[in-house]
Amino acid sequence: MKRKVLAVLLVMGLCVGTASAQFGFGIVYDPTNYANAVLRYSQLVQQLNQLRETYTQIVQQYNLAVQMARNLQNMPARYQAQFSQWRNVVAPNTYGNTGTWVNGMNTGLPNTVNTGYQLATTPLLQYNGQVLSGMTPDDLNRVKSQYASVELSDGANVTAMAAIGAIRDNAQTIQNQINNLEQDSLSGDPNLNTEVSVLNKINAANVLTLRTLQDSNKLLLSLLEQNVIAAKQQRETTANSINTDIARQATLAGNLAQVTSTLNNSLQNFRMP
C-alpha cells in the first residue's frame, strides 16, 4: 500500500516543475518534487495515525456515555416503599369546647387556634384593684410573677398549636411533591433521566429537605420555649419558698426579741407580795 502511494506521489511530483533528468518513456525526474512528495506522504501518515487515535478515543467516550446512560430495570419494584401518612387530630366534642381546638390543630389558622384554646382552658381572672392595693410588696410581686407565668404559658401553647396546625395542613401538599419526585426518580423515561433533569431532581430534593428542616426547627423552638417557661415556673416556686423562709426567720427573730424583752421587763418589775 505504501509503495503504491509512493508511486502515485512520485508520478505527480515528476510531472510538475523543471526537469533535471529524463529517462525512457518520457518520465522526467525532479529531486525537489520527489522530496516534497515524500514529506507530504509522511504528513499524511501522521494525520492518519492521529485520526485513528481520535477515532478510538471518541469510540471509548461514546461507549462510556452509553454505559452511563443505562437505567436500572424495574426501579419501582426494587426501591419504592410505603410510608405512614399524616393523620389529623380527632377528639370527642361532648360539651362543644374541643371542636375548635381540633380544627385549629389541623389548620393552624390563628383565629381558630386562639378561640379553640380559650374555649378548652380555664379563663384567667384578674385581681380587683382594691385587693392589689391591700397587698404587701412581696405578695404583689409574687402574684404578678405567677400571673405572668400563666400568660407566657398561654402564648407559648398557642404558638406551638399554630405551628403544628400549619405543618399538618401543608403535609398533604408536601407529600404530593415528594411522591412526584419519587415517581420521576424511579421513572425509566429518557426525558426524565437527562443530565439537566437529574440535576433538577437533586435540587428539588434539597429544597424539600430544607423545608422539612425548617418545620423541625419550628417545633424544636416551640418545645424550647415551653421548657423556658417551665423553668421560670420552677424558679418561681423555689424563689417563693426561699422568700417565705426568709420572712419566717425575720418574723421569728422579731417575735423572739419581743418575747425576750417582755420577759425581762416582767422579771425586773416582779415584786414579792
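All residue numbers refer to position in the chain's written sequence, counted from 1. Where local features are concerned, this predicted model is filtered to residues with pLDDT of at least 70; where side-chain atom pairs are given and counted, the filter is 80 or more; whole-chain, interface and lining totals use all residues. Note that the side-chain values use all heavy atoms of the structure and ignore hydrogens as well as water.

Novice: So what about the nonpolar core? Which residues, and what values?
Specialist: Among the nonpolar cores identified, the biggest contains five residues, and these are M105, V113, Y117, V158 and M161. Where helices and strands are cited, they refer to DSSP runs of H or I of at least four residues and of E of at least two residues respectively, numbered from the N terminus. Elements represented by at least two residues in this core include exactly α5 (110–120) and α7 (137–186). Note on contacts: a residue pair is in contact if any heavy atoms of the two residues lie within 4.5 Å. Ignoring any residue separated from it by four or fewer positions in sequence, one finds Y117 in contact with W101, S153, D154, N157, V158 and M161. As used in this record, nonpolar core signifies buried Ala, Val, Leu, Ile, Met, Phe, Trp, Tyr and Cys residues forming a set joined through side-chain atoms within 4.5 Å. Burial classes follow relative accessibility: with a 1.4 Å probe on protein chains only, a residue under 20% of its type's maximum area counts as buried, one over 50% as exposed, and anything between as partly exposed.

Novice: Give me the packing of aromatic side chains: which residues, what numbers.
Specialist: Any two rings among Phe, Tyr and Trp, with Trp reduced to its six-membered ring, count as a pair given centres within 6.5 Å; such a pair is stacked if its planes are under 30 degrees apart, edge-to-face if over 60, and tilted if neither. In this structure the tally under the stated criterion is one aromatic pair. Pairing W101 with Y117 gives two aromatic rings, centres 5.8 Å apart and planes at 25 degrees, and the pair type is stacked. A residue pair is termed long-range when its members are at least 10 positions apart, and W101 in helix α4 (residues 99–107) and Y117 in helix α5 qualify at 16 residues. Overall, the relative accessible area of 27% leaves W101 in the partly exposed class.

Novice: Break down helix α2 (residues 31–68) for me, citing the residues and quoting the values.
Specialist: An α-helical turn contains 3.6 residues, so a residue and the one three or four places further along point in the same direction. Helix length check: α2, at 38 residues, gives a terminal C-alpha distance of 55 Å against a target of 56 Å (1.5 Å per residue), a fit within 8%. All of the buried residues in α2 are N33, A37 and Y41. Multiply 1.5 Å by the residue count of a helix minus one, and that product is the helix's expected span.

Novice: Tell me about the packing of α4 against α5, and name the residues and values.
Specialist: Between N-to-C directions, angles span 0 to 180 degrees; the directions come from axes that are lines fitted to C-alpha atoms, helices contributing only their stretch in contact. Direction vectors running N to C along α4 and α5 enclose 145 degrees, while the axes themselves pass 7 Å from each other. The way α4 lies across α5 gives a crossing that is left-handed. When α4 is examined against α5, the residues T100, W101, N103 and G104 are found in contact with a partner set consisting of T112, V113, T115, G116, Y117, L119 and A120. Amino acids outside the nonpolar list (Ala, Val, Leu, Ile, Met, Phe, Trp, Tyr, Cys, Pro) and the charged list (Asp, Glu, Lys, Arg) are all regarded as polar, and Gly is one of them. Residue classes in the contact of α4 with α5 are distributed as five nonpolar, six polar and no charged. Should the near helix be turned anticlockwise from the far one by less than a right angle, the crossing is termed left-handed; should it be turned clockwise, right-handed.

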